[in-house]
Amino acid sequence: MPVLESSSNGHLLELTSAKYVELSKNQKNCNLNDICEFVNDKTAIENAVLETYVSTESLIADKRGRQIASKLPTSGKVTVYHPGDILISNIRPYFKKIWFADCMGTCSNDVLAFRAKSDDMASLLYFTLYSDAFFEYTVAGSKGTKMPRGDKKQIMSYRIPAIDDVVKAFSSEANRVLNLISTNRREIATLEQLRGTLLPKLMSGEIGVSKVELPTPPEQAQTSTNGRLSE
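Because the structure is predicted, anything quoted here is derived from the model rather than measured.

> How do you make sense of the sheet that holds strand β7 (residues 98-100) when you look at a structure like this?
Working definition: the strands of a sheet are paired by backbone hydrogen bonds and lie parallel or antiparallel to each other. Strand order in this open sheet of 4 strands is β2-β9-β6-β7, and the pairing throughout is antiparallel. A single partner strand is all that each edge strand has here, and the edge strands are β2 (36-38) and β7. This sheet shows a mean twist of 25° between the axes of neighbouring strands, independent of strand direction. Across the sheet, helix α2 (residues 122-130) is in contact with β2, β6 (86-89), β7 and β9 (111-116); its angle to β7 comes to roughly 165°.

> Is there a simple way to explain the sheet that holds strand β5 (residues 77-81) in this structure?
On the basis of which strands lie adjacent, the open sheet formed by 4 strands has the order β3-β5-β8-β4 and mixed pairing. Of all strands in the sheet, those bounded by a partner on one side alone are β3 (42-44) and β4 (53-54). One ladder, built from 3 bridges, connects β5 with strand β8 (residues 105-107); its direction is antiparallel. What sits directly across from T79, in β8, is C107.

> Is there a simple way to explain helix α3 (residues 132-141) in this structure?
Residues that lie three or four places apart on an α-helix share one face, since the helix turns once every 3.6 residues. Buried residues of α3: F134, F135, T138 and G141, and no others. All buried residues of α3 project into a common sector of 130° when viewed along the axis, lining one side. Turned more than 90 degrees off the buried face of α3, the exposed positions are E136 and A140. Tucked into the core, α3 has its buried residues touching β6, β7, β9, α2 and α4 (152-155).

> Sorry if this is basic, but what is going on with the side chain of T16 here?
One can find T16 in helix α1 (residues 7-23). T16 has contacts with F127, F170, A174 and V177, leaving out every residue within four places of it along the chain.

> Looking at this structure, I do not really get the packing of aromatic side chains. What am I missing?
In this description, an aromatic ring pair is defined by two values, namely the gap between the centres and the angle between the planes. According to the stated counting rule, one finds 12 aromatic pairs in the structure shown. Seen from their ring centres, F100 and Y126 are 5.4 Å apart, and the 80° between their planes marks the pair as edge-to-face. With F100 in strand β7 and Y126 in helix α2, this pair connects stretches of sequence that are 26 residues apart. Across this residue pair, the class does not change: F100 and Y126 are buried. For the ring pair F134 and Y158, a centre distance of 5.3 Å and an interplane angle of 85° mean the geometry is edge-to-face. Here F134, found in helix α3, pairs with Y158, found in the loop between α4 and β10 (159-160); they are 24 residues apart in sequence, far enough to count as distant. Judged on exposure class, the residue F134 and its partner Y158 are both buried. Among the aromatic residues, those joined into a cluster by ring pairs are Y20, F100, Y126, F127, Y130 and F170. Taking NZ or CZ as reference, R66 lies 4.6 Å from the ring centre of W99, over its face.

Calculation criteria
In this numbering scheme, every chain counts its residues from 1 along its sequence in written order. In keeping with the predicted nature of the model, local features appear solely for residues at pLDDT of at least 70, side-chain atom pairs appear and are counted solely at 80 or more, and the whole-chain, interface and lining totals rest on all residues. Only hydrogens and water are removed before side-chain values are computed, so all heavy atoms of the structure are retained for them. The pairing criterion for strands is at least two bridges between them, as found by DSSP. A run of H or I in DSSP becomes a helix once it reaches four residues, and a run of E becomes a strand once it reaches two; helices and strands are each numbered from the N terminus. Lines fitted to C-alpha atoms define the axes, with helix axes restricted to the stretch in contact, and inter-axis angles between N-to-C directions lie between 0 and 180 degrees. Note on definitions: a residue-residue contact is assigned when non-hydrogen atoms from the two residues lie within 4.5 Å. Burial status follows relative accessibility: with a 1.4 Å probe on protein chains alone, a residue under 20% of its type maximum counts as buried, one over 50% as exposed, and anything between as partly exposed. Taken from the helix axis, the directions to the C-beta atoms give the arc we talk about. Whether two aromatic rings pair depends on their centres lying within 6.5 Å, for rings of Phe, Tyr and Trp, where Trp uses its six-membered ring; planes under 30 degrees apart make the pair stacked, over 60 edge-to-face, and the rest tilted. Over a ring means this: the NZ of a Lys or the CZ of an Arg is within 6 Å of the ring centre and within 35 degrees of the ring normal.

Written out as structure tokens, the structure is:
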């Protein structure tokens, strides 16, 4: 089942991304490696679970999240990621495959897992990596022709704005946005699971429509906040 962005989630991402683009016009006095590092924790493939395994093919192009991988590798080691890590496909970076992890799992060695050096920088890190400018920079430094890969050393040299009060305020706001998106995703997944359970019973006549009570959809729940992001 694809973990795709709902229309409201997509709108929130693009709006916050636009704010980051404006912010990134400030003087760039830091490198990416000042706020993050690559995740290098490994485990045997036997410890991986298909539902939380992320491969280059399960990440969806144009920043649209991920779907469940079709299969697990048969041998070797995989990277262990945690909630708050950012996963990016390092093969053909021009496809712009990125996902903000909201669970613990494992990923392919061809997927780069970034981890903020402090929790309050995770959202800033995500929108830095989400930006078109970052992907263009990665493509420019990639190596290979048929299957180009990003250069990890070059990636960590990407220039970002100095961490001042304005940047910290953006990071705090962006964190609320990502929390809301994560909540929306969980509610959407619950609704999809409920639909999968109820639809066959409704079609067969096993239960009637009057017996079904549905939870409030995420779109409606968000509207009830009068456009304000929950703390």
